[in-house]
Amino acid sequence: MGGGTCLRLTHSACRTPHSPLSRLKTLTAEYRELKARLEQGGGPDKVRRQHEQGKLTARERVDALLDQGATWFEIGLLVASDQYDGQAPGAGVVTGLGRIAGRPVVVVANDATVKAGSWWPETIKKMLRAQEIAMRQRIPIVYLVDSAGVNLPYQGGVFPGQYGAARIFYYNSIMRHYLRVPQIAAVLGPCIAGGAYLPALSDVIFMVEGTSFMGLGGPNLVKGATGQTVDAESLGGAATHTAVSAVAHYRAKDDRECVARMREYVARLPRMLRPPAPGGKPKRSPKELYDLLPSDHRMSYDVRAVLECVLDAGKLDEFQPDLAPEMICAHGAIEGRTVALIANSRGVIKSRKGGGEPGSPKIGGIIYTESAEKVAYFIENADRERIPLLFVQDVSGFMVGTEAEHSGIIRAGARFVEAMATATVPKLVLTVNHASGAGYYAMAGQGFDPDFIVSWPTGRMGVMEGESAIQAVFGNDAAKPENAPAVDAMRADYEHQLDARFAAARGFVDAIVLPEETRETLAFLLEASGEFTGPHIGAFVLPSQP
């Protein structure tokens with residue numbers, strides 16, 4: 001299959017297993033444990049120190065800022081989780097999408113419990129991703145600044161480069177000057193050196209008495225550079241910047257008052273409301289997903305049953321259901337919001353020739369020439385009709401072999417990719433199991449700028465599966481005893497790199513979502529992506545008349 005992928009299904013591998021603890025349950029439990037640990041940031045001692053300084057933690061600020069009980073979609077929680085000896089949970093910044101007064105907003109909050117909120121290379125990646133979401137969806141972005149600046153031992157990965165820290169300020173400027181995306185900043189601790197341009201390039205700045213500091217240089221640097229002795233409050237505190245320099249605009253007595261006033265500011269911003277049609281409940285309980293997915297990722301399952309846990313009333317209006325059934329193209333709704341859905345159907349699929357005669361069976365999860373043509377046409381229709389696209393990935397790649405090549409699989413695959421890449425409607429991606437080879441690309445892989453890309457804990461992203469890679473490298477020699485150590489090492493390495501947590505730690509997906517939260521999450525992301533009715537191409541599209 002395309003991209004070097006290969007999948008072999010035996011008869012036994014197509015049967016649904018009866019396991020007391022499914023793979024999805026096991027991986028979800030492991031993810032919950034990791035998530036809880038990362039949400040602790042720098043740990044209880046650092047949290048206590050933050051409180052002793054009269055400040056809330058980043059997560060406490062986010063919680064106070066957003067509507068209580070509303071959806072919170074955290075982006076990049078696992079980023080850098082397996083780097084720096086575990087010293088950079090969340091890369092020292094909390095980023096995500098929530099609600100203020102019912103409207104979607106993007107939040108960026110420095111976590112001062114992690115290395116004083118300093119910027120690691122991955123911190124920049126997370127902040128840029130958050131800004132790109134705000135720009136593409138044209139929704140307000142709130143910055144909660146509490147950072148000691150660049151993490152100096154890693155400045156080589158922070159300061160220079162096209163996507164270094166300067167890109168943050170570039171995006172600030174584009175949002176402010178061209179896109180008219182509201183940017184609201186609060187300085188809730190230190191904000192030093194070049195980092196001061198983040199709030200300075202926002203629309204308004206809030207500061208807190210006694211704990212905020214904003215300046216191109218702190219007291220020590222000022223003394224070293226000019227010989228002048230000055231305290232932090234006089235140099236760049238809240239009173240100085242709201243009453244003397246006029247750099248900041250609002251002053252609050254503590255974090256809670258500051259966050260409350262920011263909520264009021266965002267709440268009065270105008271918004272064009274587009275309520276969805278009345279939605280229904282799913283046909284199946286989302287909790288059934290744990291029993292629907294098999295314990296072995298190579299085994300088949302009923303993807304339509306999976307979709308019945310997500311879609312309103314489980315209703316699926318299929319497009320050309322009898323043609324290329326290994327690829328499901330259909331319309332449905334999630335909490336009243338219509339989607340054009342594209343999903344891989346796993347298992348062995350019976351095909352038919354003209355006149356209803358049975359044809360050769362097809363392997364689900366593989367993209368054939370006929371299915372690529374079908375999906376390309378469906379995507380182009382959805383784009384014309386302005387209906388968002390939802391890709392449900394469980395794809396092992398494109399078909400290979402003489403028959404596939406002679407049928408024009410390369411040209412059909414190119415049409416599929418081009419239709420997906422050039423679609424201007426919002427694109428959402430949910431990875432269920434495999435996301436392999438060129439099939440991952442065609443199903444709106446990250447390189448094609450989907451609006452949001454999420455994965456279940458069972459997601460497996462890579463060029464190919466480990467066994468296929470072993471076959472490609474060792475061939476018939478894989479079974480030789482002398483090659484056993486190398487084969488085992490390669491198999492273990494692939495299992496590690498194919499894990500959804502590995503992908504999330506590198507920002508290849510926005511988030512890992514729990515199966516039972518999938519429907520609510522997708523509904524919220526559809527709402528957020530519907531805020532901007534213009535073209536969803538790249539990080540942002542400049543208006544024709546700035």
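We now turn to the structure provided with this report.

Topic: helix H20 (residues 518–529)
In step 1: In this model, H20 (twelve residues) spans 16 Å end to end at C-alpha, consistent with the 16 Å of a helix rising 1.5 Å per residue.
In step 2: Buried residues dominate H20, accounting for eleven of its twelve residues.
In step 3: Buried within H20 we find Thr518, Arg519, Thr521, Leu522, Ala523, Phe524, Leu525, Leu526, Glu527, Ala528 and Ser529.

Some thoughts on the packing of aromatic side chains
In step 1: According to the stated counting rule, one finds 15 aromatic pairs in the structure shown.
In step 2: Ring centres 5.9 Å apart and planes at 35° place the aromatic pair tyrosine 170 and tyrosine 171 in the tilted group.
In step 3: On the basis of relative accessibility, which here comes to 1%, the residue tyrosine 171 falls in the buried class.
In step 4: With a centroid separation of 6.5 Å and an interplanar angle of 65°, the aromatic rings of phenylalanine 398 and phenylalanine 416 are classed as edge-to-face. Taken together, the positions of phenylalanine 398 in strand S16 (residues 397–398) and phenylalanine 416 in helix H15 (residues 409–422) put the pair 18 residues apart, joining distant regions of the chain. Just as phenylalanine 398 is buried, phenylalanine 416 falls in that class too.
In step 5: Among the aromatic residues, those joined into a cluster by ring pairs are Tyr84, Trp120 and Tyr154.
In step 6: A cation over a ring is seen here: arginine 138 above phenylalanine 532, with NZ or CZ 4.0 Å from the ring centre.
In step 7: For lysine 362, the ring lying beneath its charged end belongs to tyrosine 368, and the centroid distance is 5.1 Å.

Notes on the layout of surface pockets
In step 1: Approximately 690 Å³ is the volume found for the largest pocket.
In step 2: Lining the largest pocket we find 31 residues, and of these Lys35, Glu39, Trp72, Phe73 and Glu74 sit closest to its centre.
In step 3: Of all elements in the fold, only helix H1 (23–38), helix H3 (58–65), strand S1 (73–75), strand S2 (93–100), strand S20 (511–512) and H20 reach the threshold of two or more residues within the lining of the largest pocket.
In step 4: The class makeup of the residues in the lining of the largest pocket is 15 nonpolar, five polar and eleven charged.

Re the pattern of salt bridges
In step 1: Under the defined criterion, the tally for this structure stands at 39 salt bridges.
In step 2: The closest approach of N and O atoms between glutamate 308 and arginine 284, which form a salt bridge, is 2.7 Å. Highlighted residues: glutamate 308 in helix H12 (residues 303–308) and arginine 284 in the loop between helix H10 (255–267) and helix H11 (289–292), separated in sequence by 24 residues.
In step 3: Glutamate 308 sits in the buried class, given a relative accessible area of 15%.
In step 4: Residue arginine 284 is classed as partly exposed on the basis of its relative accessible area of 26%.
In step 5: Of the charged contacts, one joins aspartate 312 and arginine 519 as a salt bridge, the two residues approaching to 2.8 Å between their closest N and O atoms. Here aspartate 312 is found in the loop between H12 and strand S9 (317–318), whereas its partner arginine 519 is found in helix H20, with 207 residues between them in sequence.

Remarks on the packing of helix H4 (residues 121–137) against helix H5 (residues 166–179)
The relative placement of two packed helices is expressed as an angle between their axes plus a distance between the axes.
In step 1: It is at 10 Å that the axes of H4 and H5 come closest, and there the two elements cross at 15°. Judged by the inter-axis angle, H4 sits roughly parallel to H5. Between H4 and H5 the crossing geometry is left-handed. Along its contact with H4, which presents Ile124, Met127, Leu128, Gln131, Glu132, Ala134 and Met135, the element H5 presents Arg167, Ile168, Tyr171, Asn172, Ile174, Met175 and Leu179.
In step 2: Per-class residue counts for the contact of H4 with H5 are ten nonpolar, two polar and two charged.

The rules behind the values
- Residues numbered from 1 in each chain as written.
- Predicted model: local features only at pLDDT ≥ 70, side-chain atom pairs only at ≥ 80, totals over all residues.
- Heavy atoms only, no water.
- Helix = DSSP H or I, 4+ residues; strand = E, 2+ residues; numbered from the N terminus.
- Expected span 1.5 Å × (residues − 1).
- Buried < 20%, exposed > 50% of the residue type's maximum accessible area, 1.4 Å probe, protein only.
- Phe/Tyr/Trp six-rings, centres within 6.5 Å; stacked < 30°, edge-to-face > 60°.
- Lys NZ or Arg CZ within 6 Å of the ring centre and 35° of its normal.
- 1 Å grid on protein atoms, 1.4 Å probe; cavity = no way out; pocket = protein on both sides within 12 Å on 5 of 7 lines; lining within 4 Å.
- Points joined across faces, edges and corners; volume = space filled by probe spheres on them.
- Nonpolar A, V, L, I, M, F, W, Y, C, P; charged D, E, K, R; others polar.
- Salt bridge = Lys/Arg side-chain N within 4 Å of Asp/Glu carboxyl O.
- Axes fitted to C-alpha atoms, helices over the stretch in contact; angles between N-to-C directions.
- Parallel < 35°, antiparallel > 145°, perpendicular 65-115°, else oblique.
- Left-handed = near helix turned anticlockwise from the far one by under 90°.
- Contact = heavy atoms within 4.5 Å.

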